[in-house]
Amino acid sequence: MAARPVSRMLRRVLRSSVRSCSSGAPVTQHHRGEPSQTAAEELSARRHFLREHAAPFSAFLTDSFGRQHSYLRISLTEKCNLRCQYCMPEEGVPLTPKADLLTTEEILTLAQLFVKEGVDKIRLTGGEPLIRPDVVDIVAQLHRLEGLRTIGITTNGINLARLLPQLQKAGLSAINISLDTLVPAKFEFIVRRKGFHKVMEGIHKAIDLGYSPVKVNCVVMRGLNEDELLNFVALTEGLPLDVRFIEYMPFDGNKWNFKKMVSYKEMLDTLRQQWPELEKLPEEESSTAKAFKIPGFRGQFSFITSMSEHFCGTCNRLRITADGNLKVCLFGNSEVSLRDHLRAGASEEELLQIIGAAVGRKKRQHAGMFSIAQMKNRPMILIELLLMLQDSPPAIPSISSQDPFRVQGIRHRVSFSNQMETLWKGCRGPGTPLLAQRWLGSSPPQRHCSSCQDSDTNPKCLSAVSQTPATPSGPLPTSDQLTHVDAEGRAAMVDVGGKPDTERVAVASAVVLLGPVAFKLVQKNQLKKGDALVVAQLAGVQAAKQTSQLIPLCHHVALSHVQVQLELDSTHHAVGIQASCRARGPTGVEMEALTAAAVAALTLYDMCKAVSRDIVVGEIKLISKTGGQRGDFHRT
């Protein structure tokens, strides 16, 4: 009995199978075979008409501070085919029983009610919305709602390439794709699943179908991917992308830590050093993003500053969770069940009263990052996959897809380099679908793991028995006093404020003697823990960036490049490690290079210790350094 009012409301919403507009807005039925530009022109004309004939905004969707909520985000499912570290706990989350989730009828009924009251943007989220079997039909039904201008979707991109042509025909006009790294192996580390090449294919498909800009969401986490900011922005030079850097946000179970958060201003400073000419774009009304563009670049980049500089004052968003709860604030833990009232037979007027009361209780702003971290709130996966992102404009199919980016990888040479020109190349052709095979292909007997994909770079393996003396090259004045000790013998940090900025480069090495059993397993990539070389390499890169937090009196250095290489030495059953760091500043990067080499070696020990405890880590040493007042050093 409870379902009858819902069905009656749904029939009123979907009474006609042909799109119509009783307000007189010009609407043309799109027929298969017509040029896709007709659909874009139709949507543009309809939007213009609706702007000119807009009705007064609903009091039910206006809060006590005068904010009008015209943007609704609907979660289609709690399930996801990835396990992103910032989104859900590693052990997963308890899912709501299927009977307690919103049905398709209920989703469309609520959507119609909100659109009738003034919502003109709906974004479908999850979990991962594209794993819901009827997602294309839901988009098509939403497209028929009079007054709805934009239908968007936020996706991890795994299923996007396969479904996007159908979704576009159904009426999807905006896409946000989540991608937190441009390094395939790091992608697997962050999301705990494979699928990097599928996300790339989805981004290409969106560009090919004319979506412009294609929005790419990147959650920035210190020690994990903040070193890729320049690489992401470099992609906007030739591609219609809007790369959106999102401050790491606290949610239940994601082990949020303030130290992991990279603020908007810190990210902007890093980018401004590379591109001082970057320009700030005008902010759109109710925008959550601070947008910037580099002159001459085709795309742009933005920052979602929900932690460091909240945008609560212009918030126009409401959210409906997959189990039918209305959330008026992403960071609030107050929810009201619309599902229960629907199933109890509530009338449209009663539902509006419930919605209006919830909106009316919305606070002026959220509690701030530190208070939010202590609040009990849903894990991100149970609210949405990624939130608070600006909608994309409708697709314009005439966009050119020249010079699309493609990713190439070889199983035994893994890139963690900042040099994106070696990662993103225009290699469009019939071989593209085989990217996964090229990346995951079997390794040759002699494995090599390098953070630089320069095919001409193949340094010789570091000998496990090398005992070469250190020889200075060029002037290297020494001091008869320790610089980190003051006149009274207490520890002190050196003041480098008066030193000039110079280009600093340092190379360090280490050797791990594995023994024959562990060496064989590493060589064949048969350790139960996984790929020891890749994990050790990633650990080395991360360690270089964290040196100032590990070594008390080290200055923080903004590294411009980190490279970690590992090579197998079958003669000595050893792994040679070489780490290089580069930065421009008043202090050197020797400690960063040494830390990278040492931590990579320790990680290799950790990966192999279950097989053998007779592993020796040694020969951690500086190979060379350049830059600075004390001159260069080269070990010969």
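Predicted model only: the values in this text are computed from it and were never measured. (Residues numbered from 1 in each chain as written. Predicted model: local features only at pLDDT ≥ 70, side-chain atom pairs only at ≥ 80, totals over all residues. Heavy atoms only, no water.)

1. Things to note about the packing of aromatic side chains
Both the distance between ring centres and the angle between the ring planes are used here to describe each pair of aromatic rings. Overall, the coordinates contain 8 aromatic pairs when judged by the stated rule. Where Phe301 meets Phe303, the ring centres are 5.8 Å apart and the plane angle is 90°; that geometry is what we call edge-to-face. Taken individually, Phe301 and Phe303 each receive the classification buried, so the pair is uniform in this respect. The structure contains a cluster of three or more aromatic residues connected by ring pairs, namely Phe232, Phe245, Tyr264, Phe292, Phe301 and Phe303. One cation-aromatic arrangement involves Lys280 over Phe292; the distance from NZ or CZ to the ring centre is 5.8 Å. The ring of Tyr264 has Lys290 lying over it, and the distance from NZ or CZ to the ring centre is 5.4 Å. (Phe/Tyr/Trp six-rings, centres within 6.5 Å; stacked < 30°, edge-to-face > 60°. Buried < 20%, exposed > 50% of the residue type's maximum accessible area, 1.4 Å probe, protein only. Lys NZ or Arg CZ within 6 Å of the ring centre and 35° of its normal.)

2. What about the environment of Lys499?
In this structure, Lys499 sits in the loop between β16 (470-472) and β17 (502-513). Residue Lys499 is classed as partly exposed on the basis of its relative accessible area, which comes to 34%. Residues Lys499 and Gln629, spaced 130 residues apart in sequence, show a C-alpha to C-alpha distance of 8.6 Å. (Helix = DSSP H or I, 4+ residues; strand = E, 2+ residues; numbered from the N terminus.)

3. What about empty space enclosed by the protein?
Scanning all chains against the criterion turns up 6 cavities of 30 Å³ or more. One number sums up the size of the largest cavity: a volume of about 70 Å³. Cys84, Ser178, Asp180, Phe187 and Val191 are the residues nearest the centre of the largest cavity, which is lined by 11 residues in total. Element by element, the count of residues in the lining of the largest cavity is highest for helix α6 (residues 184-191), at 3 residues. Broken down by class, the residue content of the lining of the largest cavity amounts to 7 nonpolar, 3 polar and 1 charged. (1 Å grid on protein atoms, 1.4 Å probe; cavity = no way out; pocket = protein on both sides within 12 Å on 5 of 7 lines; lining within 4 Å. Points joined across faces, edges and corners; volume = space filled by probe spheres on them. Nonpolar A, V, L, I, M, F, W, Y, C, P; charged D, E, K, R; others polar.)

4. Examining unusual backbone geometry
What is expected of a backbone is that most residues other than glycine have negative phi and most peptide bonds are trans. Gly126 connects to Gly127 through a cis peptide bond whose omega is 10°. Residue position: Gly127 is located in the loop between β2 (121-125) and α4 (135-143). Residue Pro213 follows Ser212 across a cis peptide bond; omega there is -5°. Phi is positive for Asn525, which is not a glycine, with a value near 55°. By the element assignment, Asn525 lies in the loop between α14 (516-523) and α15 (532-545). Positive phi is not limited to glycine here, since His573 has a value of about 50°. For His573, the position within the fold is in the loop between β18 (561-569) and β19 (574-585). Overall, His573 belongs to the partly exposed group, its relative accessible area being 28%.

5. Notes on the side chain of Asp242
Among the secondary structure elements, Asp242 is positioned in strand β6 (residues 241-247). Here Asp242 falls in the buried class, since its relative accessible area comes to 2%. A polar contact is formed between the side chain of Asp242 and the side chain of Ser302, at a distance of 2.9 Å. Discounting residues that sit within four places of it in the chain, Asp242 has contacts with Pro213, Val214, Lys215, Val216, Gln300, Phe301 and Ser302. (Polar contact = N/O pair within 3.5 Å; in protein donor to acceptor, adjacent residues only side chain to side chain. Contact = heavy atoms within 4.5 Å.)

6. Things to note about the packing of helix α5 (residues 160-170) against helix α7 (residues 196-208)
At a minimum axis separation of 8 Å, α5 and α7 run at an interaxial angle of 25°. Judged by the angle between their axes, α5 and α7 are roughly parallel. Contacts between α5 and α7 pair Leu160, Ala161, Leu164 and Pro165 from the former with Glu201, Gly202, Lys205 and Ala206 from the latter. Looking at the contact of α5 with α7 residue by residue, the class counts come to 5 nonpolar, 1 polar and 2 charged. (Axes fitted to C-alpha atoms, helices over the stretch in contact; angles between N-to-C directions. Parallel < 35°, antiparallel > 145°, perpendicular 65-115°, else oblique.)

7. Here's the deal with the pattern of salt bridges
Under the criterion given, the structure shown has 19 salt bridges. A salt bridge links Asp63 to Arg67; its shortest N-O distance comes to 2.6 Å. By relative accessible area, Asp63 is classed as buried at 6%. You can call Arg67 buried: its relative accessible area is 7%. Between Asp120 and Arg149 there is a salt bridge whose closest N-O contact spans 3.7 Å. Residue Asp120 is found in the loop between α3 (104-116) and β2, and its partner Arg149 is found in the loop between α4 and β3 (150-155); the two are separated by 29 residues along the sequence. In this structure Asp120 comes out as buried when scored by relative accessible area, which is 15%. Each of Lys186, Glu226, Asp227, Glu228 and Lys545 takes part in a single network of salt bridges with overlapping partners. (Salt bridge = Lys/Arg side-chain N within 4 Å of Asp/Glu carboxyl O.)

8. Structural notes on the sheet that holds strand β5 (residues 214-220)
With mixed pairing, the 12 strands of this open sheet are ordered in space as β7-β8-β9-β6-β5-β4-β3-β2-β1-β10-β11-β12. In this open sheet, the two strands that pair with only one neighbour each are β7 (279-280) and β12 (336-337). (Pairing = 2+ DSSP bridges.)

9. Quick look at helix α9 (residues 264-274)
Here α9 has its buried residues at Tyr264, Met267, Leu268 and Leu271. Along α9, the residues classed as buried sweep out an arc of 95° about the axis, all on the same side. α9 presents Lys265 and Gln273 as exposed residues on the side facing more than 90 degrees away from its buried surface. Of the surrounding secondary structure, the elements contacted by the buried residues of α9 are β5, α8 (229-234), β6, β8 (289-293) and β9 (300-304). (Arc of directions from axis to C-beta.)

10. Details of the confidence of the model for the chain
On average, residues of the chain score 76 in pLDDT, and 67% of them reach the 70 mark or higher. Across the chain, the element-wise mean pLDDT spans from 28 in helix α13 (residues 435-440) up to 98 in α4. In the model, residues 1-36 has pLDDT below 50 throughout and makes 48 contacts with residues more than four positions away in sequence or in other chains. Note on residues 452-477: pLDDT under 50 across the span, and 64 contacts to partners over four residues away in sequence or across chains. (pLDDT = per-residue confidence, 0-100.)

11. Details of the packing of α3 against α4
Helix-helix packing is characterised by the crossing angle of the two axes and by the distance between the axes. For the pair α3 and α4, interaxial distance at closest approach is 11 Å and the crossing angle is 30°. Taken together, the axis directions place α3 and α4 in an arrangement best described as roughly parallel. At the point where α3 passes α4, the crossing takes the right-handed sense. Residue-level contacts link Thr104, Leu108 and Ala111 of α3 to Ile138, Gln141 and Leu142 of α4. (Left-handed = near helix turned anticlockwise from the far one by under 90°.)

12. Some points on the side chain of Glu247
Relative to the assigned elements, Glu247 resides in strand β6. Despite being buried, Glu247 has no salt bridge partner; Lys290 is the closest side chain of opposite charge, sitting 7.9 Å away. A polar atom in the side chain of Glu247 sits 2.8 Å from the backbone nitrogen of Tyr264. (Lys, Arg positive; Asp, Glu negative; His and termini not counted.)

13. Quick notes on the pairing of β2
The side chains of a regular strand alternate, residue by residue, between the two faces of the sheet. Of all the 5 residues making up β2, 4 are buried; the element is thus mostly covered by neighbouring parts of the structure. Relative to β2, strand β1 (residues 71-75) is paired through 5 bridges, and the arrangement is parallel. Bridge assignment links Ser75 to a residue of β2, and that residue is Thr125. Running through α4, the crossover from β2 to the neighbouring parallel element β3 is right-handed. (Right-handed = clockwise from strand over helix to strand, strands pointing away.)

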